[in-house]
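Each chain, letter by letter, is given below.
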Amino acid sequence: MVKRLTIARVALAAASGVLAGCADHHGMTYTITLDPAFSGEQTEGILAATESWQRAVPGLTLMTRISTCGSDDTHAICFFIDDAAPPSDVVALTTWDSHCVDPAGCADQDDATTHVYRSKLPAMATAIVFQNMATHELGHAMTQDGSHLATGNVMEPKLSNDAVGLTAADVAYFWSSR
């Protein structure tokens, strides 16, 4: 009888470990690394974007640091200046994620990299445009979702040049990935 219970406990522990491997990987705490190559105004725009998300989503914690990217942390988002030629469909920023990259076990990945293409930066006339784009890209990074919402939301496909605050739909977009 003791042997059966021990085997059952080992099997249960193994199963819970496997199930935990494919459980919800989206965190509520992220480390956001900002490339030191950003100007002070650009850094302020990204910081304002993190503050917007934290105000809108109770329990969300976004810790920022200025450093080169390359962390092994889970739940890490990196904003960096990219000198490469951007894809033709990119306005200035784009986010690449690496969520659930291991189909056999859903590796605990909930991290992303936001490329800010240096060659496209002069086209952005105002700090608010950059902040809106950073807020939008943070949404993609935290949800690992490349889809968009209707016009009038931060997560719309083409942001306007006007100040756009996070809407209830943007917050629902965040929660839909949890």
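Residues numbered from 1 in each chain as written. Predicted model: local features only at pLDDT ≥ 70, side-chain atom pairs only at ≥ 80, totals over all residues. Heavy atoms only, no water.

Time to look at the state of the cysteines. Going through the model one piece at a time under the given rule, you end up with 1 disulfide. Shown here is the disulfide that connects C69 with C78, its sulfur atoms set 1.5 Å apart. Because the torsion about its S-S bond is 75°, the bridge between C69 and C78 counts as right-handed. Residue C69 is classed as partly exposed on the basis of its relative accessible area of 32%. (Disulfide = S-S within 2.5 Å. Buried < 20%, exposed > 50% of the residue type's maximum accessible area, 1.4 Å probe, protein only.)

This paragraph deals with helix α4 (residues 168-176). What α4 keeps buried is the set D170, V171, Y173 and F174. Looking straight down α4, one finds its buried side chains confined to an arc of 150°; they lie on one side. Away from the buried face of α4 by more than 90 degrees, exposed residues A168 and S176 are located. Taken together, the buried residues of α4 touch α2 (40-56) and α3 (127-143). (Helix = DSSP H or I, 4+ residues; strand = E, 2+ residues; numbered from the N terminus. Arc of directions from axis to C-beta. Contact = heavy atoms within 4.5 Å.)

Further remarks concern the packing of α2 against α3. For the pair α2 and α3, interaxial distance at closest approach is 8 Å and the crossing angle is 50°. Viewed along their axes, α2 and α3 adopt a mutual orientation that is oblique. The two elements α2 and α3 cross, and the hand of that crossing is right-handed. In contact with E41, Q42, G45, I46, A48, A49, T50, S52 and W53 of α2, α3 contributes A127, F130, Q131, A134, T135, L138, G139 and M142. Class assignment for the residues of the contact of α2 with α3 results in 9 nonpolar, 7 polar and 1 charged. (Axes fitted to C-alpha atoms, helices over the stretch in contact; angles between N-to-C directions. Parallel < 35°, antiparallel > 145°, perpendicular 65-115°, else oblique. Left-handed = near helix turned anticlockwise from the far one by under 90°. Nonpolar A, V, L, I, M, F, W, Y, C, P; charged D, E, K, R; others polar.)

Over its 17 residues, α2 extends 24 Å from the first C-alpha to the last, a length consistent with the 24 Å expected when each residue adds 1.5 Å. All buried positions along α2 are accounted for by Q42, T43, G45, I46, A48, A49, T50, S52 and W53. Where α2 is buried, its residues contact β1 (29-34), β2 (61-66), β3 (76-82), α3 and α4. (Expected span 1.5 Å × (residues − 1).)

Among the structural elements, T43 can be located in helix α2. Residues contacting T43, with those up to four places away along its chain left out, are L34, F38 and I66.

On to the environment of A172. Within the element layout of this structure, A172 appears in helix α4. Given the relative accessible area of 44%, A172 is considered partly exposed. Sequence-wise, A172 and V57 are 115 residues apart; in three dimensions their C-alpha atoms are separated by 9.5 Å.

Functional significance is not addressed by these values, which are geometric in nature.
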